[in-house]
Amino acid sequence: MMESNSTELAMFHRFVGEQLAGGVDWTPEECVRLWRAEQPSAEELDDSVASVRRALDQAERGEGKSLADFDRHFRAIHRIG
């Protein structure tokens, strides 16, 4: 557990250094907020993987819309080209 926390802290330190080197002028709270947004929790990652697996299973069964059908519908409802 300690090694995991140390690794995460080192990654956060590197992240903050990269942001500062890039010229951002954020508060510490803003840095933490962006870091958390870019680093999903294990639970969020598991949920995302499960969602992708469900979608792949549906596609394999022939369920859902093709990209072409989705594209036509999306463009029509949003009046795009």
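Residues numbered from 1 in each chain as written. Predicted model: local features only at pLDDT ≥ 70, side-chain atom pairs only at ≥ 80, totals over all residues. Heavy atoms only, no water.

Considering the side chain of Gln19
- Residue position: Gln19 is located in helix 1 (residues 2–21).
- Setting aside residues no more than four positions away along its own chain, Gln19 makes contact with Val24, Trp26 and Leu34. (Helix = DSSP H or I, 4+ residues; strand = E, 2+ residues; numbered from the N terminus. Contact = heavy atoms within 4.5 Å.)

Some details on the environment of Gln58
- With respect to the helices and strands, Gln58 occurs in helix 3 (residues 42–60).
- Separated by 29 residues in sequence, Gln58 and Glu29 have C-alpha atoms that sit 41 Å apart.

Let's talk about helix 3
- Over its 19 residues, helix 3 runs 27 Å from end to end, which matches the ideal 27 Å to within 8%, given 1.5 Å per residue.
- Looking one or two residues past helix 3, Gly62 carries a phi angle of roughly 85 degrees, positive in sign. (Expected span 1.5 Å × (residues − 1).)

A few points about the pattern of salt bridges
- With the rule as written, the count across this model stands at three salt bridges.
- Where Arg61 meets Glu63, a salt bridge forms, and the shortest distance between an N and an O atom there is 3.0 Å.
- Linking Asp69 and Arg72 is a salt bridge whose minimum nitrogen-to-oxygen distance equals 2.3 Å. Of this pair, Asp69 and Arg72 are both found in helix 4 (residues 67–77), three residues apart, which corresponds to roughly one turn of the helix.
- Judged by relative accessible area, Asp69 falls into the partly exposed class, the value being 35%. (Salt bridge = Lys/Arg side-chain N within 4 Å of Asp/Glu carboxyl O. Buried < 20%, exposed > 50% of the residue type's maximum accessible area, 1.4 Å probe, protein only.)

Regarding the confidence of the model for the chain
- Per-residue confidence for the chain averages 90 on the pLDDT scale, and 96% of its residues sit at or above 70.
- Here helix 1 stands out as the element of the chain with the lowest mean pLDDT, 87, in contrast to helix 4, whose mean of 94 is the highest. (pLDDT = per-residue confidence, 0-100.)

With respect to the packing of aromatic side chains
- Per the stated rule, a full pass over the model turns up four aromatic pairs.
- Taking the centre distance of 5.5 Å and the plane angle of 75 degrees together, the rings of Phe12 and Trp35 count as edge-to-face. Of the two residues, Phe12 sits in helix 1 while Trp35 sits in helix 2 (residues 28–38), which places them 23 residues apart along the sequence.
- Each member of the aromatic cluster is reached from another via a ring pair, and the members are Phe12, Phe15 and Trp35. (Phe/Tyr/Trp six-rings, centres within 6.5 Å; stacked < 30°, edge-to-face > 60°.)

Describing a nonpolar patch on the surface
- On the surface, a cluster of nonpolar side chains totalling about 400 Å² of accessible area is made up of Leu67, Phe70, Phe74 and Ile80.
- Tracing the backbone shows Leu67 in helix 4.
- Relative accessible area serves as the criterion here: at 69%, Leu67 is assigned to the exposed category. (Patch = residues over 30% accessible without salt bridge, like charges linked within 9 Å, V, L, I, M, F, W, Y side chains within 5 Å. Areas by Shrake-Rupley, 256 points an atom, 1.4 Å probe, with all protein chains shown as cover.)

Points about unusual backbone geometry
- Although it is not a glycine, Arg79 sits at a positive phi angle of roughly 50 degrees.
- Mapping Arg79 onto the fold places it in the segment after helix 4.
- A relative accessible area of 79% means that Arg79 is categorised as exposed.

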